[in-house]
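# Fold and geometry: a report
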Amino acid sequence: MTATVNATVREEARWTRATLGRDGRPLDLLTARFDRHRYAPHAHEEFTIGVCVGGSEIIDYRGGRIHTGPGSIVVLAPGEMHTGGPAASDGYAYRALYAEPSLLTEGTLGGLPHFRDPVLDDPELAAALRAAHTELSRCPDPLEAESRLPWLLTALACRHSTARPACDTVPGAAHIAHAVRDRLADELQAPPSLASLATDFGLSRYQLLRAFRTAMGIPPYAWLAQHRVHRARGLLESGLRPAEVATLVGFADQAHLTRWFRRVLGVTPAAYRASVSPSP
């Protein structure tokens, strides 16, 4: 939903709902840009995790007032009242996600993490959260959401909260990763959730992610996307159109196929199809 007041005042908000794996729990993503909007005091049942991407916001929280700036991460705990509004005339812009508390405890010890400082300076993690938010808002692929968000939220908790990292050494990581890889390849149009695969191996989802990344060097969604591109090449060479191919290999649409095709091969599917088609 996007609302624009007039040509000079920008008041825009867009919600996207991602699903953490096939048939998994939903997670909401908010993309917002406000010049004047001020939130009334309110609270969320989830952790509110935001990255400021422009301007500056003032937030009343825990009896005090906090300020954000571009690149800062804000973490607001479940059930805690807060407000939000512009700190200056140029307004504020941010990306936020609303994570169930369990997502921050999968790879940690010590119970529910407590963030003593709600404003965090961590450029690397801020950039990773912003990138994941942007790409999942554009195309909320369930496997991608499940591969990226629990990993980043565990890193957030381990780096900046009272939580302690759990042991992430997984015996037989290569065997597990290869079995997961084979399942994803066999079910590329509707891949199983990582949570269900982890249960099959008696692991947590975070342990499964750690095992896969350790053995394969990339997260599961990235491996599957590259496998889909490989399959797409053969179908394009057979003469099928990109829109048809996208559906057959499990991409959400042609645009999703095109983004990954260019990442892997440097050209669009249409350009590749034209280059391998027999000359008339």
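This section reports on the structure supplied with the text.

### Concerning helix H8 (residues 254-265)
Since the α-helix turns once every 3.6 residues, residues separated by three or four places project in the same direction. If you check H8, its first and last C-alpha atoms are 16 Å apart, about what 12 residues at 1.5 Å a residue would give, namely 16 Å. Residues of H8 that are buried include every one of His 256, Leu 257, Thr 258, Trp 260 and Phe 261, and no others. At its buried positions, H8 is contacted by helix H6 (220-237), helix H7 (242-249) and helix H9 (269-276). At the N-terminal end of H8, a side-chain oxygen is found 3.2 Å from the backbone nitrogen of Ala 255, two or three residues along, and the residue is Asp 253. Positive phi appears at Gly 266, one or two residues downstream of H8, with a value of about 85°.

### A word on the packing of aromatic side chains
Evaluated as defined, the whole model comprises 8 aromatic pairs. Between the aromatic rings of Phe 34 and Tyr 39, the centroid separation amounts to 5.9 Å while the plane-to-plane angle is 80°, which identifies the pairing as edge-to-face. Look at Phe 34 and you get buried, because its relative accessible area is 7%. Centre to centre, the rings of Phe 47 and Phe 115 are 6.0 Å apart; their planes meet at 75°, and the pair counts as edge-to-face. With Phe 47 in strand S4 (residues 47-55) and Phe 115 in the loop between strand S10 (108-109) and strand S11 (119-120), this residue pair connects regions lying 68 residues apart in the sequence.

### Notes on helix H2 (residues 142-160)
Its 19 residues give H2 an end-to-end C-alpha distance of 27 Å, which sits within 8% of 27 Å, the value for a rise of 1.5 Å per residue. For H2, the tally of buried residues reaches 14 of 19 residues, placing the bulk of the element in the interior. In this structure Asp 141 caps H2, since a side-chain oxygen of it lies 3.2 Å from the backbone nitrogen of Leu 143.

### Observations regarding the pairing of strand S9 (residues 92-99)
Regular strands place side chains that alternate from one sheet face to the opposite one. Taking burial as the measure, the 8 residues of S9 include 8 buried ones, the bulk of the element. Of the two faces of S9, the one lined by Tyr 92, Tyr 94, Ala 96 and Tyr 98 and the one lined by Ala 93, Arg 95, Leu 97 and Ala 99 are each fully buried. The sheet contact formed by strand S2 (residues 26-34) and S9 spans 7 bridges and is antiparallel. Note on S9: the bridge partner recorded for Asp 28 is Tyr 98. Across 8 bridges, S4 lies against S9 in antiparallel orientation. Bridge assignment links Thr 48 to a residue of S9, and that residue is Tyr 98.

What counts and what doesn't
- Residues numbered from 1 in each chain as written.
- Predicted model: local features only at pLDDT ≥ 70, side-chain atom pairs only at ≥ 80, totals over all residues.
- Heavy atoms only, no water.
- Helix = DSSP H or I, 4+ residues; strand = E, 2+ residues; numbered from the N terminus.
- Expected span 1.5 Å × (residues − 1).
- Buried < 20%, exposed > 50% of the residue type's maximum accessible area, 1.4 Å probe, protein only.
- Contact = heavy atoms within 4.5 Å.
- Polar contact = N/O pair within 3.5 Å; in protein donor to acceptor, adjacent residues only side chain to side chain.
- Phe/Tyr/Trp six-rings, centres within 6.5 Å; stacked < 30°, edge-to-face > 60°.
- Pairing = 2+ DSSP bridges.

Read these as layout, nothing more, since geometry by itself doesn't imply function.
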